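# Coordinates in review
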Amino acid sequence: MASPLDSEDPYPRFSAAEQDRRRREVLAAMEAAEVTQLVTYGANRFGSAVQWLTGWPVTREAVVLVGRDLPDLLFVQFHNHVPNARELAPRCEVRWGGVSTIDTVVEELESRGARGRIAVMGTLPATHHMALTSRFDLVDLNQAYTRMRLIKSPEEIDWVRAGAELTDRAVDGLRNGARPGVTEHQLADMVEHGYVPVGATTLIHYFGVTPMAAPERCVPAQYTSNRALQAGDVLLTEISGSFWDYPGQVLRTFAIATDPTPLYRRLHEVADAAFDAIVGRLRHGTHATEVVDAASIIEEEGFTTYDDLVHGFVGGYFPPVLGSRSRSLWPVPDLEFQAGMTVVVQPNVVTADHRAGVQTGELVLITQSGAERVHGTERGLHRIGD
């Protein structure tokens, strides 16, 4: 299949067959829960199930009503968002949510003859939850939705590869532009130039900057500052450019205008060894405990971790979410990796006092025989900015 980056349509779209597959999975979950109506909710640009079902990225507020024998109905807030929603979600009937979206939804459910139990997906505000529970018994389908998203379809994998390619462009732009005197705010601008020109958006770009000779930070910060890079700094990065809710993720460490110090070289050697050990173990059928065991070199070398070691990704922050032995997230889930899962392997190896650390890792695709790279950007700890 051609890359969605090459689409000539105004907006990239999944095929009708792919959209039908998703709706069938939702209807099957509804049938298992013995409900005939589903409320899928998102607000303030969050609520991945809305976009997965309809193609509409949530703006202010969006609700999808799914009924067994009825067309899907998408309510959006605000009124001026309706025309664009109709372009992006052509398989739905799209309406304005009215003065109160939840009141409109309740009225529509009652007009459809909904009684007793209905299902919900997404995180509801307290007011919305009370409005629904005053009339219906709610069945939570969020766990069912998570299970639907764990295994990516072939079309979804093509979109994951697009997100990975754009994330690689962002990392390469950072690698080429970071130098002494550039602020963290400017680093963010460099990163976004890698994917914004093709319509993609930022999921995250986290940076951590500290002097290698006297480190005071072991992980990236979630918000950029006006601190300028200096020769001798280490730059920790975690970057995800998102192609219509299908992001890549790359974690890299750079030494600024100076060779890495012995401590940082050793931290990164251990991180690379842990990454290789984990990726070498991952394949269809690998148990989560095997992944934690594979990273034991971190503790054997006297280091620890601060961030998660491995987590499911794309469409959400999915299981399994695993820590290393010294920063364990117990109990380790009784879960086997399956072909079609996409996971981030990210051994953030840090000193025991949490003053120095490195980031390395990236998103990989689980296959029957192993873990496949979807990113092409160069691995390793590199000196940049001269």
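Quick summary incoming for the structure in this document.

### Description of the pairing of strand S5 (residues 117-121)
- Taken across its five residues, S5 has four buried, putting it largely inside the fold.
- Inspection of the sheet shows strand S1 (residues 37-43) paired to S5 by three bridges, in the parallel sense. In the strand pairing of S5, Leu-38 is matched with Ala-119.
- Viewed along the sheet, the connection from S5 through helix H5 (residues 126-133) into strand S6 (residues 137-140) turns out right-handed.

### With respect to the side chain of Arg-22
- Structurally, the position occupied by Arg-22 is in helix H1 (residues 16-32).
- Of the polar contacts made by the side chain of Arg-22, one reaches the backbone oxygen of Trp-52; its length is 2.8 Å.
- Look past the residues within four positions of Arg-22 in its chain and what remains in contact with it is Phe-14, Trp-52, Glu-156 and Tyr-246.

### Topic: the side chain of Thr-237
- Among the structural elements, Thr-237 can be located in strand S8 (residues 233-242).
- Look at Thr-237 and you get buried, because its relative accessible area is 1%.
- There is a polar contact of 2.8 Å between the side chain of Thr-237 and the backbone oxygen of Arg-252.
- Ignoring sequence-local partners within four residues, the contact set of Thr-237 consists of Leu-174, Tyr-206, Phe-207, Pro-220, Val-250, Leu-251, Arg-252, Phe-254 and Gln-359.

About the cut-offs
- Residues numbered from 1 in each chain as written.
- Predicted model: local features only at pLDDT ≥ 70, side-chain atom pairs only at ≥ 80, totals over all residues.
- Heavy atoms only, no water.
- Buried < 20%, exposed > 50% of the residue type's maximum accessible area, 1.4 Å probe, protein only.
- Helix = DSSP H or I, 4+ residues; strand = E, 2+ residues; numbered from the N terminus.
- Pairing = 2+ DSSP bridges.
- Right-handed = clockwise from strand over helix to strand, strands pointing away.
- Polar contact = N/O pair within 3.5 Å; in protein donor to acceptor, adjacent residues only side chain to side chain.
- Contact = heavy atoms within 4.5 Å.

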